[in-house]
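Breakdown of the fold
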Amino acid sequence: MTRRWPLLLGLIAGLAAIYLGLATGSDAADQWGRAARWTARIGLPIFLLTYAASSLGRLWPNDLTRAIWRNRRWWGLGFAASHSIHLYALIRALQASGEERTLASLIPGGLAYLAIFLMALTSNDAAMRVLGKNWKRLHSAGIHYIWLIFMLAYAGRFAEPGKLPEASYGVLLCLVALALRIAAWRKGKRT
Ligand code: HEM
């Protein structure tokens, strides 16, 4: 259980975001819209910790960063849990608002969900053994794609009036995590 606590954290954080949305929204569309935004917002730091876990460990090796690195599977599963809750909130938000979405608009996010679920399902030793080199390919491509979708979701908010704080929050966190990965990669090339 000790190593699994990030999974529990992702579940609790996602459910807390839903609760907050439902408790503060004015009507069903507003409630589920808030729940959708806040579940994504809370999922981002959990995702980025998974994304940057090995980089943190390489750049600043200490007990804490090594523990995060060792435990990144569970951080990833925590993110998958919180983002599954985001998916539920999205469905409720779309139902409540009656907003129609084209199939094309669902493709980028839908593919990110495919990546999230495939990665979660293969986050175990047996799948690593069976998939061999393809495991690494799947997880590397998947994690960068999910990063891209977060980045695009927040960067797009710069164009929306009044959304500067959340756009800055998301874009800044995504860029810091990317910078960590680049710095760790460069350090690895020098040594
Ligand atoms: C087909 C799948 C998806 C649909 C239909 C969808 C739709 C939505 C909707 C309706 C919102 C609330 C928008 C608002 O009220 O301002 C939202 C927020 C958001 N979604 Fe998604 N989404 C999907 C998948 C994803 C994925 C896979 C990610 C990340 C990897 C993501 C990241 C975000 C972010 C970052 C926000 C904004 C949170 C904030 O305001 O802080 N979404 N999404």
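As a reminder, the structure under discussion sits directly above these lines.
Description of the structure in this document. (Residues numbered from 1 in each chain as written. Predicted model: local features only at pLDDT ≥ 70, side-chain atom pairs only at ≥ 80, totals over all residues. Heavy atoms only, no water.)

1. Section: the packing of aromatic side chains
Applicable threshold: Each aromatic pair joins two rings of Phe, Tyr and Trp (for Trp, the six-membered one) with centres within 6.5 Å, and gets the label stacked for planes under 30 degrees apart, edge-to-face for over 60, and tilted for any other angle. Each helix is a run of H or I in the DSSP string that is no shorter than four residues. Each strand is a run of E no shorter than two, and both are numbered from the N terminus. Residue burial is assigned from relative accessible area. The probe radius is 1.4 Å, only protein chains are included, and a residue is buried under 20% of its type maximum, exposed over 50%, and partly exposed in between. Remark: a charge is flagged as sitting over a ring if the NZ atom of Lys or the CZ atom of Arg is within 6 Å of the ring centre and within 35 degrees of the ring normal.
Applying the stated criterion across every chain yields a total of nine aromatic pairs. Seen in terms of ring centroids, W5 and W75 are 5.2 Å apart; in terms of plane orientation they differ by 80°. Their pairing is edge-to-face. On the criterion of sequence distance, the pair formed by W5 in helix α1 (residues 5–24) and W75 in helix α4 (residues 72–97) is long-range, its members being 70 residues apart. A relative accessible area of 8% places W75 in the buried class. Members of the aromatic cluster, each reached through a chain of ring pairs, are F47, Y51, F79, W147 and F150. In this structure, R181 packs its charged tip against the face of Y51, placed 4.6 Å from the ring centre.

2. Some words on the site of the ligand
Stated precisely, the cut-off is as follows: It suffices for a single heavy atom of a residue to lie within 4 Å of a molecule or strand for the residue to be listed as near it. Under the rule applied, a polar contact is a pair of N or O atoms within 3.5 Å (in protein, one hydrogen donor and one hydrogen acceptor; residues adjacent in sequence only if both atoms are side-chain atoms). Here a cavity is any set of points on a 1 Å grid over the protein atoms alone where a 1.4 Å probe fits but cannot get out, and a pocket is any open set with protein on both sides within 12 Å along at least 5 of 7 lines; a residue lines the site when it has an atom within 4 Å of a point. For a molecule to be placed in a cavity or pocket, more than half of its atoms must lie within 2 Å of the grid points of that cavity or pocket. Classification convention: Asp, Glu, Lys, Arg as charged; Ala, Val, Leu, Ile, Met, Phe, Trp, Tyr, Cys, Pro as nonpolar; all other residues, Gly among them, as polar.
Contacts to the ligand come from 18 residues, most closely from R37, R41, H86, Y154 and R157. Taking R41, its side chain carries an N or O atom lying 2.5 Å from an oxygen atom of the ligand. Residue H86 places a side-chain N or O atom 3.3 Å away from a nitrogen atom belonging to the ligand. Counting atoms within 2 Å of the grid points, the majority share of the ligand lands in the largest pocket. Of the residues assigned to the shell around the ligand, the class counts are 10 nonpolar, four polar and four charged.

3. Some points on the side chain of N71
Mapping N71 onto the fold places it in the loop between α3 (63–70) and α4. N71 gets classed as buried once you look at its relative accessible area, which sits at 9%.

4. Things to note about α1
To keep it simple, the criterion reads: Given the number of residues in a helix, its expected span is that number minus one, multiplied by 1.5 Å. Relevant arc is that of directions from the helix axis to the C-beta atoms, nothing else.
If you check α1, its first and last C-alpha atoms are 28 Å apart, about what 20 residues at 1.5 Å a residue would give, namely 28 Å. Within α1 the residues assigned to the buried category are P6, G10, A13, G14, A17, I18 and G21. Viewed along the axis of α1, the buried residues span an arc of 135°, placing them on a single side of the element. The exposed residues of α1 that point more than 90 degrees off its buried face are I12, L15, Y19 and A23.

Worth remembering: the numbers are spatial, not functional.
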